[in-house]
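Structure assessment
Each chain, letter by letter, is given below.
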Amino acid sequence: MASNSTKSFLADAGYGEQELDANSALMELDKGLRSGKLGEQCEAVVRFPRLFQKYPFPILINSAFLKLADVFRVGMLGSLASIIPERKNAHHSIRQSLDSHDNVEVEAAVFAAANFSAQSKDFAVGICNKISEMIQGLATPVDLKLKLIPILQHMHHDAILASSARQLLQQLVTSYPSTKMVIVSLHTFTLLAASSLVDTPKQIQLLLQYLKNDPRKAVKRLAIQDLKLLANKTPHTWSRENIQALCECALQTPYDSLKLGMLSVLSTLSGTIAVKHYFSIASGNVGSSPRSSDLVRLAQECCYHNNRGIAAHGVRVLTNITVSCQEKDLLALEQDAVFGLESLLVLCSQDDSPGAQATLKIALNCMVKLAKGRPHLSQSVVETLLTQLHSAQDAARILMCHCLAAIAMQLPVLGDGMLGDLMELYKVIGRSATDKQQELLVSLATVIFVASQKALSAEVKAVIKQQLESVSNGWTVYRIARQASRMGNHDMARELYQSLLTQVASEHFYFWLNSLKEFSHAEQCLTGLQEENYSSALSCIAESLKFYHKGIASLTAASTPLNPLSFQCEFVKLRIDLLQAFSQLICTCNSLKTSPPPAIATTIAMTLGNDLQRCGRISNQMKQSMEEFRSLASRYGDLYQASFDADSATLRNVELYPKQQQSCLLISHAIEALILDPESASFQEYGSTGAAHADSEYERRMMSVYNHVLEEVESLNRKYTPVSYMHTACLCNAIISLLKVPLSFQRYFFQKLQSTSIKLALSPSPRNPAEPIAVQNNQQLALKVEGVVQHGSKPGLFRKIQSVCLNVSSTLQSKSGQDYKIPIDNMTNEMEQRVEPHNDYFSTQFLLNFAILGTHNITVESSVKDANGIVWKTGPRTTIFVKSLEDPYSQQIRLQQQQAQQPLQQQQQRNAYSRF
């Protein structure tokens, strides 16, 4: 009954057909405010103005405001701390509310004080003494003290403030031994130490002391939790004595839950520099051997524990010690780590529960790390994984396939050995079309692509296609084809894309799959390249370009306004231009044979003073080729800067060592070093390429090609006078070597895991975009730029925006009126400002001059700067038009001057006629 009356009251401005008096209306409104549904509360709030209009009585308005104040307490002020951190009246209100006799208001003031202390140094300094007095006051209830103590964690703005807060917390820990007080004080103490980065070693010692001596399990768990926090944030502050004390506690405790927590802390520390400090030999002290330390003894005892979590952390500690310590006599430790991993793998691979899968992930990560750090152990690790694959659950098989792929990427020599077992397993899996089976098909196919370092054999392709035809769906086939494109198996990818063309319901998806098929076919054409066969290379490149042009047409048709595929289109266009540049350079090299220098070339070179002219027109062609490759390298760099949301592997492919950009720079450098300027060519800039770390077989092969080409160029440099057939052969062979490495289409080409965009709004802005904004030439235009940073489902996955750079420039489109002598500073506008987004919003203003009469084009372009200081050209680019008009006063003076000059001109004309 009451809900119906409330609904009728909220449904109409007149509060329904049944008229209510003021008190009844207010009571119904109060019911809406106290409703448990947020929508009804909001609706009741927005009805207040209509209530005041209908019943403008002071008593009702005062009562209504009291009810609203009950909803919007000081807690609302605390939520605004990030927006108004330095608002002094807000500081004063919070300070006053802390002395209130209303418990609800005091609790809200505590909440607001905590938020403002985190944001404002001035507020923290001013409120610290007040909070200290309330905590130490005898009249303050214990429950309120427990809420006030966490505010002290924000007193980290300067050293003096942090020191006074630490002293108070130390007194509290000593004076109030109750469990709740100790837990809150210790945790606040830890957060303060982690934020201020001062006295962190003392805090570690204090937590270890409570862990060792305090008999309460709740306090011990809190100490372990805080030690884990400090191990993650400041591992370098942990001394050997701290780690030793933690090991002793873990060895002595009879409780598995506490031992699990302590091992979690130790496993975190074992992967940092703290483990090296633990095993290092300090000055004046004899360092302990890794085999005889308590840390190793603890890990060895826990490796075979019946608790999976404890065993996982024990194995992780052993693995990290084995990888980190550089001693060579660690055979026993290595065997313990391998045996512990094997037992954990057998235990967890038979169980598909979430806990077993989480433990299995820890074990598999340790296997990858062990194979990378100790390559001689990798063979036994791979054999264990392949053996266990046959009997494991499907969920475990998927994770094990990921582990095998990671190991094969790091150590490609293991690929051929595991290929046979993988194919046998691929034949027997996939009996059903469940999600796990489909995922397993993709994972196992990925391992096969990684293991087969060259083109897939016909037998392997037949097995994969037969299995996909029997139980797989279209999405699984697409994922496997995508993995084949990423691994460079373009022959297999083309066949899979072809099979999917008739299984999609959208023409955009059809054109997308068709473009992928054409790109794979284009890259497949380049597999027939052979050294020293330059005519065949030209025909292969021409055939590849034919399919690339077909593919770019389909890719353009697949794009939509919501998904423009800008990265994909630009990447493919660059690939096409690169292939055309390679083809042109091979033709230029061949022209030395087909069109040798004329007989008078030497005389022309001596006349012009340019020794290269004796080579004929090939010298100018080589210069043009070098400039073209440098231009392509610059375009690859622009594509890199525009790929803010790309994953790290994609960026390495575009810009870093195994990059397309590096290929362009390498050929450009080879042309300069061999032909154009052999004397001043330097190889130091490219000498570090071989030292870079490669994360995939594609990167390793590209780096090997780079090093080989550089060696060939350096051996020919300054030995032979350019241009000879040896120079042109070296350039052609370098091109063929680069193209023989299959192109890897990286993840960002198919999948965008992070999405970041910026939306700009300019004011003033015209109603019609083509209509200019009128401004007088003697005034400045205040252009306000507002923007919002928009994110996808995973914001900040790879990198985050630290600041936004706004560049404003103006150009004169058309003049109107006479030309005046204007200062150069007033002719153009070029400004730049950096702003930091707050809650993904930013705004700033620019003052622009338009002294020249006419129409001006204003362009506002945004770019972003990430946490590492790298600038990314993300856009967008917005344009508006401004029409500069002559101010009325200047226009009046000009008209008066023109009118004054007219009689004089007429008199001069009469004089001229009379003389005539």
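Residues numbered from 1 in each chain as written. Predicted model: local features only at pLDDT ≥ 70, side-chain atom pairs only at ≥ 80, totals over all residues. Heavy atoms only, no water.

Within the protein chain, the secondary structure is distributed over 39 helices and nine strands. Across the 916 residues in the protein chain, those meeting the buried criterion constitute 48%. Considering only contacts within the protein chain whose residues lie at least 6 apart along the sequence, 72% involve residues at least 24 apart. Accessible surface for the protein chain amounts to roughly 45100 Å². Of this, 52% is attributable to carbon and sulfur atoms. (Helix = DSSP H or I, 4+ residues; strand = E, 2+ residues; numbered from the N terminus. Buried < 20%, exposed > 50% of the residue type's maximum accessible area, 1.4 Å probe, protein only. Contact = heavy atoms within 4.5 Å. Areas by Shrake-Rupley, 256 points an atom, 1.4 Å probe, with all protein chains shown as cover.)

This next bit is on the sheet that holds strand β1 (residues 756-763). With respect to topology, three strands assemble into an open sheet ordered β1-β3-β6, the strand pairing being antiparallel. Strands at the two margins of the open sheet, each flanked by one partner only, are β1 and β6 (841-849). Looking at each pair of strands side by side, their axes are set apart by 25° on average, direction ignored. Here strand β3 (residues 780-791) runs beside β6; their pairing, made up of nine bridges, is antiparallel. Bridge pairing links glutamine 780 to asparagine 849 in β6. (Pairing = 2+ DSSP bridges. Axes fitted to C-alpha atoms, helices over the stretch in contact; angles between N-to-C directions.)

So, about the pattern of salt bridges. Side chains that differ in charge, positive against negative, can pair when their charged atoms come close. Within the structure shown, the criterion is met by 28 salt bridges. A salt bridge links glutamate 570 to arginine 635; its shortest N-O distance comes to 3.9 Å. Note that glutamate 570 is positioned in helix α31 (residues 566-594) and arginine 635 in helix α33 (residues 618-641), a separation of 65 residues in sequence. A relative accessible area of 29% means that glutamate 570 is categorised as partly exposed. Its relative accessible area of 28% is what places arginine 635 among the partly exposed residues. For arginine 630, the salt bridge is made with glutamate 672, and the minimal N-O distance between the two is 3.1 Å. With arginine 630 in helix α33 and glutamate 672 in helix α35 (residues 660-676), the pair connects residues that are 42 residues apart, well separated along the chain. What makes arginine 630 partly exposed here is its relative accessible area of 40%. Here the salt bridges share partners, and the residues they tie into one network are Lys461, Lys465, Asp491, Arg494 and Glu495. (Salt bridge = Lys/Arg side-chain N within 4 Å of Asp/Glu carboxyl O.)

Axis separation between helix α12 (residues 179-196) and helix α13 (residues 200-213) bottoms out at 9 Å; the angle between their running directions is 155°. If you check the angle between α12 and α13, you find them roughly antiparallel. Between α12 and α13 lies a crossing of left-handed hand. Facing α12, whose interface residues are Val182, Leu186, Phe189, Thr190 and Ala193, α13 presents Thr200, Gln203, Leu206, Leu207 and Tyr210. Classifying every residue of the contact of α12 with α13 by side-chain character gives seven nonpolar, three polar and no charged. (Parallel < 35°, antiparallel > 145°, perpendicular 65-115°, else oblique. Left-handed = near helix turned anticlockwise from the far one by under 90°. Nonpolar A, V, L, I, M, F, W, Y, C, P; charged D, E, K, R; others polar.)

With 88% of its residues at a pLDDT of at least 70, the protein chain reaches an overall mean of 84. Confidence, expressed as mean pLDDT per element, reaches its minimum in the protein chain at helix α1 (residues 2-11) with 39 and its maximum at helix α29 (residues 507-525) with 96. With pLDDT under 50 throughout, residues 1-19 is counted as low confidence; its partners more than four residues away or in other chains account for 26 contacts. Across residues 687-691, confidence stays below pLDDT 50; counting only partners more than four residues off in sequence or on other chains, it has eight contacts. (pLDDT = per-residue confidence, 0-100.)

Let us look at the nonpolar core. Ranked by size, the top nonpolar core spans 253 residues in total, and within it Trp238 and Tyr426 carry the most contacts. Per element, the largest residue contribution to this core is 14 residues, and it comes from α31. If you count residues domain by domain, this core takes at least three from each of domain 2 (520-595 + 604-678 + 693-749) and domain 3 (756-815 + 822-897). Sequence-distant contacts of tyrosine 426, that is, excluding residues within four places in its chain, are made with Leu441, Leu444, Ala445, Ile448, Val463, Ile464, Gln467, Leu468 and Ile480. Counting 13 residues, the second largest nonpolar core, distinct from the first, contains Phe48, Leu51, Phe52 and Tyr55. (Core = buried A, V, L, I, M, F, W, Y, C linked by side-chain atoms within 4.5 Å. Domains from an automatic or database assignment.)

Right, let's get into the packing of aromatic side chains. Each aromatic ring pair is specified by the distance between its two centres and by the angle formed by the two planes. As enumerated under the stated definition, the model contains 19 aromatic pairs in all. For the pair phenylalanine 519 and phenylalanine 749, a centre-to-centre distance of 6.4 Å together with 75° between the ring planes defines the contact as edge-to-face. Residue phenylalanine 519 is located in helix α29, and its partner phenylalanine 749 is located in helix α38 (residues 747-750); the two are separated by 230 residues in the primary sequence. Within the aromatic cluster, the residues linked to one another by ring pairs are Trp512, Phe519, Tyr548, Phe567, Phe571, Phe745, Tyr748, Phe749 and Phe750. Geometry around tyrosine 255 places lysine 217 over its ring, the cationic atom sitting 4.4 Å from the centre. Just above the ring of tyrosine 278 sits the side chain of arginine 240; from NZ or CZ to the centre is 5.6 Å. (Phe/Tyr/Trp six-rings, centres within 6.5 Å; stacked < 30°, edge-to-face > 60°. Lys NZ or Arg CZ within 6 Å of the ring centre and 35° of its normal.)

On the secondary structure map, lysine 259 appears in helix α16 (residues 256-270). Buried and unpaired, lysine 259 has no salt bridge, with glutamate 301 as the nearest side chain of opposite charge at 5.4 Å. With residues up to four places along the chain from it excluded, the contact list for lysine 259 reads Ala250, Thr253, Cys302 and Ile310. (Lys, Arg positive; Asp, Glu negative; His and termini not counted.)

A few words now on empty space enclosed by the protein. Think of a ball as big as a water molecule: rolled over the atoms, this probe shows where empty space is left. Following the criterion strictly, the structure yields four cavities of 30 Å³ or more and no others. In this structure, the largest cavity spans a volume of roughly 70 Å³. Lining the largest cavity, in full, are Arg575, Leu578, Phe582, Gln660, Ser663, Tyr698, Met702, Leu738, Leu739, Val741 and Leu743. Elements with a contribution of two residues or more to the lining of the largest cavity: α31, α35, α36 (697-716) and α37 (725-740). It is α31 that provides the largest number of residues to the lining of the largest cavity, a total of three residues. Of the residues contributing to the lining of the largest cavity, the split by class is eight nonpolar, two polar and one charged. (1 Å grid on protein atoms, 1.4 Å probe; cavity = no way out; pocket = protein on both sides within 12 Å on 5 of 7 lines; lining within 4 Å. Points joined across faces, edges and corners; volume = space filled by probe spheres on them.)

On the secondary structure map, serine 443 appears in helix α25 (residues 435-451). The buried category is assigned to serine 443, whose relative accessible area is 4%. Separated by 43 residues in sequence, serine 443 and methionine 400 have C-alpha atoms that sit 9.0 Å apart. With residues near it in sequence (within four places) discarded, serine 443 still touches Ile398, Cys401 and His402.

The terminal C-alpha atoms of α37, which comprises 16 residues, lie 22 Å apart, in line with the 22 Å expected from a rise of 1.5 Å per residue. Counting buried residues along α37, twelve of its 16 residues qualify, which places the element largely inside the surrounding structure. Those residues of α37 that sit buried are His727, Thr728, Cys730, Leu731, Cys732, Asn733, Ala734, Ile735, Ile736, Ser737, Leu738 and Leu739. Tucked into the core, α37 has its buried residues touching α30 (534-558), α31, α33, α35 and α36. (Expected span 1.5 Å × (residues − 1).)

Glancing now at the environment of serine 120. Tracing the chain through its elements places serine 120 in the loop between α8 (103-119) and α9 (121-136). Residues in contact with serine 120, not counting those within four places in the same chain, are Pro85, Glu86, His91 and His157. Polar contacts involving the side chain of serine 120 include one to the main-chain amide nitrogen of phenylalanine 123, which spans 3.2 Å. (Polar contact = N/O pair within 3.5 Å; in protein donor to acceptor, adjacent residues only side chain to side chain.)

Another aspect to go through is the pairing of β3. Pairing of β1 with β3 involves eight bridges; the strand directions are antiparallel. Looking across to β3, one finds that serine 757 is bridged to glutamine 790.

We now examine the packing of helix α23 (residues 394-410) against α25. Between α23 and α25, the least distance of the axes is 9 Å, while the angle of their chain directions is 15°. One finds that α23 runs roughly parallel with respect to α25. For the pair α23 and α25, the sense of crossing is left-handed. Residues Asp394, Ala395, Arg397, Ile398, Cys401, His402, Leu404, Ala405, Ala408 and Met409 of α23 form the contact with α25, whose own contacting residues are Lys436, Gln437, Glu439, Leu440, Ser443, Leu444, Val447 and Val450. Along the lines of polarity and charge, the residues of the contact of α23 with α25 split into eleven nonpolar, three polar and four charged.

The subject of this paragraph is the layout of surface pockets. When its volume is computed, the second largest pocket comes out at roughly 1300 Å³. Asn563, Leu565, Ser566, Gln568 and Lys752 are the residues nearest the centre of the second largest pocket, which is lined by 41 residues in total. Elements that contribute at least two residues to the lining of the second largest pocket include exactly α27 (474-487), α29, α31, α33, α38 and β1. The element best represented in the lining of the second largest pocket is α31, accounting for five residues. For the lining of the second largest pocket, the residue count by class is 22 nonpolar, 13 polar and six charged.

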